[in-house]
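# Residue-level structure breakdown
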There are 4 protein chains.
Amino acid sequence: MVATPERLKYEVKDLNLAPQGKQRIEWAGREMPVLKQIRDRFAQEKPFEGIRLVACSHVTTETANLAIALKAGGADALLIASNPLSTQDDVAASLVSDYGIPVFAMKGEDNATYHKHVQIALDHRPNIIIDDGCDVVATLVQQRKHQLEDIIGTTEETTTGIVRLKAMLRDGALTFPAVNVNDADTKHFFDNRYGTGQSTLDGIIRATNILLAGKTIVVAGYGWCGKGTAMRARGMGANVIVTEINPVAAIEAVMDGFQVMPMDAAAAKGDIFITVTGNKHVIRGEHFDAMKDGALVANSGHFDIEIDLEALKHRSSNVKTVRNFTEEYTLKSGKSVVVLGEGRLINLTAAEGHPSAVMDMSFANQALGAEYLVKNKGKLTPDVYPIPTELDQEIARLKLQAMGFTIDALTADQIEYTNSWMTGT
Amino acid sequence: MVATPERLKYEVKDLNLAPQGKQRIEWAGREMPVLKQIRDRFAQEKPFEGIRLVACSHVTTETANLAIALKAGGADALLIASNPLSTQDDVAASLVSDYGIPVFAMKGEDNATYHKHVQIALDHRPNIIIDDGCDVVATLVQQRKHQLEDIIGTTEETTTGIVRLKAMLRDGALTFPAVNVNDADTKHFFDNRYGTGQSTLDGIIRATNILLAGKTIVVAGYGWCGKGTAMRARGMGANVIVTEINPVAAIEAVMDGFQVMPMDAAAAKGDIFITVTGNKHVIRGEHFDAMKDGALVANSGHFDIEIDLEALKHRSSNVKTVRNFTEEYTLKSGKSVVVLGEGRLINLTAAEGHPSAVMDMSFANQALGAEYLVKNKGKLTPDVYPIPTELDQEIARLKLQAMGFTIDALTADQIEYTNSWMTGT
Amino acid sequence: MVATPERLKYEVKDLNLAPQGKQRIEWAGREMPVLKQIRDRFAQEKPFEGIRLVACSHVTTETANLAIALKAGGADALLIASNPLSTQDDVAASLVSDYGIPVFAMKGEDNATYHKHVQIALDHRPNIIIDDGCDVVATLVQQRKHQLEDIIGTTEETTTGIVRLKAMLRDGALTFPAVNVNDADTKHFFDNRYGTGQSTLDGIIRATNILLAGKTIVVAGYGWCGKGTAMRARGMGANVIVTEINPVAAIEAVMDGFQVMPMDAAAAKGDIFITVTGNKHVIRGEHFDAMKDGALVANSGHFDIEIDLEALKHRSSNVKTVRNFTEEYTLKSGKSVVVLGEGRLINLTAAEGHPSAVMDMSFANQALGAEYLVKNKGKLTPDVYPIPTELDQEIARLKLQAMGFTIDALTADQIEYTNSWMTGT
Amino acid sequence: MVATPERLKYEVKDLNLAPQGKQRIEWAGREMPVLKQIRDRFAQEKPFEGIRLVACSHVTTETANLAIALKAGGADALLIASNPLSTQDDVAASLVSDYGIPVFAMKGEDNATYHKHVQIALDHRPNIIIDDGCDVVATLVQQRKHQLEDIIGTTEETTTGIVRLKAMLRDGALTFPAVNVNDADTKHFFDNRYGTGQSTLDGIIRATNILLAGKTIVVAGYGWCGKGTAMRARGMGANVIVTEINPVAAIEAVMDGFQVMPMDAAAAKGDIFITVTGNKHVIRGEHFDAMKDGALVANSGHFDIEIDLEALKHRSSNVKTVRNFTEEYTLKSGKSVVVLGEGRLINLTAAEGHPSAVMDMSFANQALGAEYLVKNKGKLTPDVYPIPTELDQEIARLKLQAMGFTIDALTADQIEYTNSWMTGT
């Protein structure tokens, strides 16, 4: 423990949970070989020496491995939870006890506590913010203008956060560079598609233990997360319906063999509904009215706003918890709608979030993105930057190597051909 | 027919084939509702009035529908074949006879004739070139510098062509704008992925009538075409191996559940090999040496250079045609390797190329891309431009509508949410 | 040629087609290693010495390999076509010219000719009938009672034929043993499921060249053929609806993730309809009335009775051929319905029937089934017998070996465990 | 509670868990509409009036619903656990407290306790035994010959149990009829295939939280359970290898697109191994030696004998628990092998067993099978009987109805066609 008298140095549920947390952090580390290699390099090169860094993220075993890598790189790092329900208290305890990293996160903390933690994070006067949903950055920009000069930049890994950063940029509120980790290919492939796909269904199964085969599952949104969820739902034997607002995404869903229709039509057909749109009130009052008795509703988008729970409560006469994370609303009409995980990210509330192998890639992007910002301090104008392609390729290369795969290399002949445009038919 | 005395106005196999060609062009038109809507608008607005246009493309029923739309838009259009083996002679005949469009294309024409046709096309002094593989543009740039001033721009729809255009741009040889139709989402989804996927297997089946289930199929390349081919090969029950040179594409193939290995290792395992890389000599001498007796080899990349047939001939003692488009090479070692379609695009040589529904999208992009160039004449610096997002979305919208699908629209509330960055957890 | 003066020794289209037929028969033989091994053994053991044998089958390259194996085994074999549209005239020619086997089959022969050929086959006074749809046996039983004493038995490989044989058995009309090749596992897996699945889609694509991805395909029947067709249709990117009359098959389709509904509801949703039920008039007048404009209708069941073409003709004002094997009916209501292959087996009319690798297994079952009947002459009471399990396993073993696969064998320890019932938890 | 002085009336962990158990039993009941309909009929008809019945099964929420249905039917029923690790203590408590059913089952009970419970069950002097793995019947036959006269029959739902019953039959030890619930179609489709498929992966994910996409998963056995597991593993993005000893099953796996090889070869390739063979020591010492460092090994076959843990212990220097149900063995060679759930049924140890919807079908078969034995008391000779087809169809019909599906019925015309054999081509 590293507490000092002048301020509260951590806030976790129970330091006694540390031993279990440590074991779980190490187990996760086994599936994170890319981050491990980066940590080893950071320990040598100390790229974050003298840098104050705030990470706002789901406090899980994988985030722990990121935080450890950042600290190994010399960062004065502080960690807060990006979501009140996803904190693993044993991990938070171990980070404080075993690794000397200040953590402010408790599973089930209320909104007031969450916002207090955001303020504590900003009190740390960060140079780098590793954000997840853009709450720390948005608070900084709105409430701590005097700290803007401290900031080197931010990295952001959610679609939601990127949408907010771009809106800030449009409004002239973004005064520093942001690295868009979310759009890295090695993030998409693992995190949004494969991670969300598996862990969303995992969360639903753990919450309910229902059989997915033979069920009609409505997936709202066909972005990377929606694609992953729809693909895995089909892989488990479900009949999948996709809803969309973007015609290009919708036609892709059609071509992938899914049924596509508006939510108004899908509402009456689904056994299970999953929202992954990044937008609000995708499932609304009129949709609850149209659902089958006993329909299940879950969200796997970043914020708990995709399902309009107020509208549901308004038309319900009773709510009871029927299993952990599973609440049955009895509508005044007599039928019931079952809400999972209170409409929060189901993979984090009812399961364990993304598997470590997934976060290995996302957090490698976060770590290298943060290092890139520090290395290019002063050179980048305020903007939302993609991850440089070389970093993306490097991460893929490290991962393939760790998984034991080799691939082809271009021959000299092929390189020459690629660079030439005179050869034809 | 529109022949005039001063020069050869068309070169097709046999005008008597026109009636069958017309019937087939109309059948294809049924599956091309997007292009139909564009043609109707063109007929009203005449965006190509006074424009000389050369289209170099596979001369198929679908290209015919594009050519008809361009002519309806007022273009003085001339069509040549982009590939000696893919011409449908009845279609070429009908375009000349029934639609008054000069066509220079005969199935099986030799290289000399092909290059003569490119010259004839350039003699047309085009303002707009709709290209497929960049041969017309490359010839123009190298041999007809004096015609460069005529050019408004070019549209290009193959990966190969885009690679060549970018190399030209790097070398300062590209003096006019090029629209990259190949990277339109509505092109990818339909053409590279779904079109190539289905039609490549269709070509292999028509050439051989073999059962794909239970076979090990090696797909070289995991770009959009490779993804489509691998996905469909699995969908037909094959066990699929992917080879790649790009680590990001390779890790995506791994995550999609395919075996990934270098061609050196795959060569001994495959029953069927399909190249879709855009590069040369992806299957080389050492790979033929390692193959099983009776292995089948096909190409679905743009040029017939992906399989090193010279190396194969060099180590063979005999070649015989065992079915149409199917040649068995007997190696000196005693075993045989079977080459399909002489290593040319198998979906065009042994089957009918992309289905019309696919080309509907690609050619809608070509048509709107060409219109965009004309509308923005003089405003675009020499560069390779993506298709504007609005055109992409418009095409998707037209297609969904034609297929009878409706999708959601954002509510006012959701639009407001999307534009705001202050709301958070 | 083996013609003798006293009777017509063959009836084929054109003996000059023989060279191409021979080449194609040999190509097919490469994919039929199991039948090849059986033929080699037959040539040694001559199990059919002195046996008159009639085979009624689709006259394709694969059937040719079966006929050659039977003749190698000493049979006095005669071959007729089981379907007027499926005969490959070059194969028929080669069997007569190159292999000395009398064949009575011409592509497109009319019904009268077909029935004449059945009579000619019965004139051969067969001891063994290898049937496909039970027409030869049914004719024998009804019209040639005096020949019943010649008969050792029959083998039958279609669901339709088995249904008819069981009905005969029920009525007391079956006076000899029948071997049900159709229910062999090695038949199911290859022929009904994988063969019909691939070749049905192949037939539809060759007839129409349409893109299957994004289409809604209605598969009527979820037996082995229907399962294969539905699986492959999904594998090509279609959205698949299944109709059934059997609740067990229907629930399996549901659990496999397909939409299940009655044809009345499916009729309005499908872009393509495929019948594989073995029953008649599965698509009827009321269904045509409900279909979308331009819907495609194909049959892959044995007889051309699954689609009620009379009802369609009755409500149509016009029919025209729009491509080979593709007829567009214009309904009086104004919309059109497109019928493929005249409602006959689409994989045989528009494509080349089952791939050779498939028929290798089915015909190995036919050959061993016929041998089994001869070996057990006089020992089997009139009944429909399954293929003995040992033959089924032997065929699978030969196939795995030919494909280069090895599998595990039970250890002594495991054999002991399997035979014991006393060991428990 | 129904304890009486003369003997121990139940043995459960803690009756205070009953309220949670009751809630969970009711939640499961929602997904078991078929059993619900059967229970309602049983409550009216009382088919088990006067019958002493022992059920040996995994003591889960679903088994609870079966036990309640049997008791509703008048049975004097007693329940014991078929597996020491699968008991849900809250469910056991609720059955005793809330439903008055004697239960002898505690999660983690040792072997001695398990065998004591089998003896207590036999002390109940059952007329009907509903068995799961055949332990109660095997013990009865070996140790309680004097009770054989009490027995009306047994129902058995595992492959393992059926193998043992058939061995008993062969040895003349089976003196009463057994109904093979395991081979009911409605059992296969739901339980072995869809249930085992989903719940096996669920167990592995809960135990490890690893990402399945991109992993190589070796499935030993391609029976119904293996098919389901392989299908779902592919559906989650894994690359699947199948091992088999039966050539027919092996060729089916090949045709389904899986890699097939002996375990000797697969051992070095797998990241995760799953045994579902019903046989012993499928993974042995030599296989552990060949595995990658960190390979995961799990069993989903009935008994914990498929993985030779003795051989693994023998070559290990250390074992530690790294997560619940996850033990890491460090081999003397330095690498590690991770064993899940101690090699017991992973879906029951680490997850919650089959989803309720699955067990609805299996237990409907058990309930109707038991009723069938009682109704036919005295009429059935000692043998292993399949579930009558009518019961199978009835269960499918009830399920479709409960899920809201309708299907086609044969028309009069079609029925006549089906019964006729004279109509042909």
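Criteria and cut-off values
Residues numbered from 1 in each chain as written. Chains lettered and ligands numbered in written order. Predicted model: local features only at pLDDT ≥ 70, side-chain atom pairs only at ≥ 80, totals over all residues. Heavy atoms only, no water. Disulfide = S-S within 2.5 Å. Domains from an automatic or database assignment. Contact = heavy atoms within 4.5 Å. Buried area = accessible area lost by both parts, 1.4 Å probe. Salt bridge = Lys/Arg side-chain N within 4 Å of Asp/Glu carboxyl O. Polar contact = N/O pair within 3.5 Å; in protein donor to acceptor, adjacent residues only side chain to side chain. UniProt positions renumbered as here; feature names shortened; annotations may be inferred. Helix = DSSP H or I, 4+ residues; strand = E, 2+ residues; numbered from the N terminus. Buried < 20%, exposed > 50% of the residue type's maximum accessible area, 1.4 Å probe, protein only. Pairing = 2+ DSSP bridges. Least-squares fit on C-alpha atoms with pLDDT ≥ 70 in both. Expected span 1.5 Å × (residues − 1). Nonpolar A, V, L, I, M, F, W, Y, C, P; charged D, E, K, R; others polar. Axes fitted to C-alpha atoms, helices over the stretch in contact; angles between N-to-C directions. Parallel < 35°, antiparallel > 145°, perpendicular 65-115°, else oblique. pLDDT = per-residue confidence, 0-100. Left-handed = near helix turned anticlockwise from the far one by under 90°. Phe/Tyr/Trp six-rings, centres within 6.5 Å; stacked < 30°, edge-to-face > 60°. Lys NZ or Arg CZ within 6 Å of the ring centre and 35° of its normal. Patch = residues over 30% accessible without salt bridge, like charges linked within 9 Å, V, L, I, M, F, W, Y side chains within 5 Å. Areas by Shrake-Rupley, 256 points an atom, 1.4 Å probe, with all protein chains shown as cover.

### Regarding the state of the cysteines
- Following the criterion strictly, the structure yields zero disulfides over all chains and no others.
- Left unpaired, Cys134(B) is separated from the closest cysteine sulfur, that of Cys56(B), by 9.9 Å.
- With no disulfide partner, Cys225(D) has as its closest neighbouring cysteine sulfur the one in Cys134(D), 17 Å distant.

### Brief notes about the domain arrangement of chain A
Residues and elements named next belong to chain A.
- Per the domain assignment, the segments of chain A are domain 1 (15–187 + 354–403) and domain 2 (194–349).
- With 16 residues of domain 1 at the contact, the number on the domain 2 side is 13 residues.
- Between domain 1 and domain 2, a total of about 1,100 Å² is buried, with carbon and sulfur atoms accounting for 64% of that surface.
- The three residues of domain 1 that bury the most area against domain 2 are Leu-85, Thr-160 and His-354, which together make up 42% of that side's buried surface.
- In this structure, the connection of domain 1 to domain 2 is made through zero salt bridges.
- Across the domain 1-domain 2 interface, the total number found is four residue pairs in polar contact (both at pLDDT 80 or more).

### A short note on the UniProt feature "domain: S-adenosyl-L-homocysteine hydrolase NAD binding" (unreviewed entry) in chain A
- Mapped onto the present numbering, the UniProt feature "domain: S-adenosyl-L-homocysteine hydrolase NAD binding" (unreviewed entry) falls at residues 192–353 of chain A.
- Helix makes up 36% of residues 192–353 of chain A and strand 25%, with an end-to-end C-alpha separation of 12 Å.

### Focus on the interface of chain D and chain C
- If you look at the interface, chain D gives 72 residues, while chain C gives 72 residues.
- Residues Arg193(C) and Glu252(D) are paired through a salt bridge, measuring 2.7 Å at the closest nitrogen-oxygen approach.
- Across the chain D-chain C interface, the total number found is 12 residue pairs in polar contact (both at pLDDT 80 or more).
- Of all the elements in the fold, those that place two or more residues in the side of chain D that touches chain C are helix 5 (111–123), helix 6 (135–143), helix 7 (159–170), helix 8 (185–208), helix 10 (247–255), helix 16 (389–403) and helix 17 (412–419) of chain D.

### Here's the deal with the pairing of strand 14 (residues 336–340) of chain A
Residues and elements named next belong to chain A.
- Burial runs high along strand 14: five of the five residues are buried.
- Here strand 14 shows a buried face lined by Ser-336, Val-338 and Leu-340 and a second buried face lined by Val-337 and Val-339.
- Examined bridge by bridge, strand 11 (residues 295–299) and strand 14 share three bridges and lie parallel to one another. Considered in strand 14, the bridge of Leu-296 is made with Val-338.

### Points about the pattern of salt bridges
- Per the stated rule, a full pass over the model turns up 112 salt bridges over all chains.
- In this structure, Asp90(A) and Arg24(A) form a salt bridge, with 2.8 Å as the shortest nitrogen-oxygen distance. In this pair, Asp90(A) sits in helix 4 (residues 89–99) while Arg24(A) sits in helix 1 (residues 18–30), placing the two residues 66 residues apart along the sequence. As far as burial versus exposure is concerned, Asp90(A) and Arg24(A) are alike and both buried.
- Where Asp123(D) meets Arg144(D), a salt bridge forms, and the shortest distance between an N and an O atom there is 2.9 Å. Here Asp123(D) is found in helix 5, whereas its partner Arg144(D) is found in the loop between helix 6 and strand 5 (153–156), with 21 residues between them in sequence.
- What makes Arg144(D) buried here is its relative accessible area of 10%.
- Among the charged side chains, a network of salt bridges with common partners joins Arg24(A), Asp90(A), Asp202(A), Arg206(A), Glu352(A) and Arg323(D).

### A closer look at the relation of the copies chain D and chain C
- For the pair chain D and chain C, the best superposition has an RMSD of 0.0 Å and corresponds to a rotation of 180° with a translation of 0.0 Å parallel to the axis. Here the two chains are linked by the operation of a two-fold rotation axis.
- Same-surface contact between copies: 100% of interface residues of chain D are shared with the interface of chain C.

### Notes on the relation of the copies chain A and chain D
- Take chain A, turn it by 180°, move it 0.1 Å along the axis, and it overlays chain D with an RMSD of 0.1 Å.
- With an isologous cut-off of 70% or more, the 100% of interface residues of chain A that recur at the interface of chain D puts this contact in the isologous class.

### Structural notes on helix 15 (residues 356–375) of chain A
- A rise of 1.5 Å per residue sets the reference length of helix 15 of chain A, with its 20 residues, at 28 Å; its end C-alpha atoms lie 27 Å apart and thus fit the reference within 8%.
- Judged by how many residues are buried, helix 15 of chain A sits mostly within the fold: 18 of 20 residues are covered.

### Overview of unusual backbone geometry
- Even without being glycine, Asn209(B) reaches a positive phi, approximately 55°.
- As for its position among the elements, Asn209(B) is in the loop between helix 8 (185–208) and strand 7 (216–220).

### Let's talk about the sheet that holds strand 4 (residues 128–131) of chain A
All names here are of chain A.
- If you trace the seven strands from one edge of the open sheet to the other, you get 3-2-1-4-5-6-15, paired in parallel fashion. With one partner strand each, in any of the chains shown, strand 3 (103–104) and strand 15 (384–386) form the two edges of the open sheet.
- As judged from the six bridges shared by strand 1 (residues 52–57) and strand 2 (residues 76–81), these two strands associate in the parallel manner. Along strand 2, the bridge assignment pairs Cys-56 with Ile-80.

### Topic: the interface of chain A and chain D
- Counting residues at the interface gives 42 residues for chain A, matched by 43 residues for chain D.
- When chain A packs against chain D, the two sides together hide about 3,500 Å² of surface, and 52% of this comes from carbon and sulfur.
- Counting across the interface, chain A meets chain D through six salt bridges.
- Between Glu328(A) and Arg30(D) there is a salt bridge whose closest N-O contact spans 2.6 Å.
- Of all the elements in the fold, those that place two or more residues in the side of chain A that touches chain D are helix 1, helix 8 (185–208), helix 9 (224–235), strand 12 (316–323), strand 13 (326–331), strand 14 and helix 15 of chain A.
- Broken down by element, the side of chain A that touches chain D gets its largest block of residues, seven residues, from helix 8 of chain A.
- Each residue belonging to the side of chain A that touches chain D can be placed in one class, and the counts come to 17 nonpolar, 14 polar and 11 charged.

### Digging into the packing of helix 8 of chain B against helix 8 (residues 185–208) of chain C
- Axis separation between helix 8 of chain B and helix 8 of chain C bottoms out at 11 Å; the angle between their running directions is 100°. In terms of their interaxial angle, helix 8 of chain B and helix 8 of chain C are classed as roughly perpendicular. Packed against helix 8 of chain B, whose contacting residues are Gln198(B), Asp202(B), Ile205(B) and Arg206(B), the element helix 8 of chain C presents Gln198(C), Asp202(C), Ile205(C) and Arg206(C) at the interface.
- For the contact of helix 8 of chain B with helix 8 of chain C, a count of residues per class yields two nonpolar, two polar and four charged.

### Focus on the pairing of strand 14 (residues 336–340) of chain D
Residue and element names in this part refer to chain D.
- Two elements, strand 13 (residues 326–331) and strand 14, share five bridges in a ladder whose sense is antiparallel. The residue of strand 14 that forms the bridge with Thr-326 is Leu-340.
- Where strand 13 folds back on strand 14, the antiparallel hairpin that results is connected by four residues, among which Gly-334 adopts a positive phi of roughly 105°.

### Description of the confidence of the model for chain A
All names here are of chain A.
- With 97% of its residues at a pLDDT of 70 or more, chain A has an overall mean of 93.
- pLDDT under 50 marks residues 1–6. Its contacts with residues more than four places away, or in other chains, come to nine contacts.
- Interface scoring of the predicted complex returns ipTM 0.88; its pTM is 0.91.

### Considering the packing of helix 8 of chain B against helix 15 (residues 356–375) of chain B
Residues and elements named next belong to chain B.
- At a minimum axis separation of 8 Å, helix 8 and helix 15 run at an interaxial angle of 145°. As for the relative orientation of helix 8 and helix 15, their crossing is left-handed in sense. In contact with Thr-186, Lys-187, Phe-190, Asp-191 and Gly-195 of helix 8, helix 15 contributes Ala-357, Val-358, Met-359, Met-361, Ser-362 and Asn-365.
- Its residues assigned to classes, the contact of helix 8 with helix 15 shows five nonpolar, four polar and two charged.

### Details of the packing of aromatic side chains
- Counting across every chain of the model gives 12 aromatic pairs over all chains.
- With a centroid separation of 5.9 Å and 65° between ring planes, the pair formed by Tyr222(A) and Phe258(A) is classed as edge-to-face. With a gap of 36 residues between them, Tyr222(A) in the loop between strand 7 (216–220) and helix 9 and Phe258(A) in the loop between helix 10 (247–255) and strand 9 (259–260) connect regions that are remote in the sequence. The residues Tyr222(A) and Phe258(A) share a single accessibility class, namely buried.
- Ring centres of Phe42(B) and Phe48(B) lie 5.4 Å apart, and the angle between their planes is 85°; this geometry places the pair in the edge-to-face category. Phe48(B) carries the same exposure label as Phe42(B), and that label is buried.
- For the cation-ring pair, Arg234(A) lies above Phe258(A), with the distance from its terminal atom to the ring centre recorded as 3.9 Å.
- Of note, Lys227(B) hangs over the ring of Trp224(B), and the distance from its end group to the ring centre comes to 5.2 Å.

### With respect to a nonpolar patch on the surface
- Judged by side-chain polarity, Ile245(A), Leu410(B) and Ile415(B) come together as a nonpolar surface patch covering roughly 220 Å² of accessible area.
- Structurally, the position occupied by Leu410(B) is in the loop between helix 16 (389–403) and helix 17 (412–419).
- Judged by relative accessible area, Leu410(B) falls into the partly exposed class, the value being 32%.

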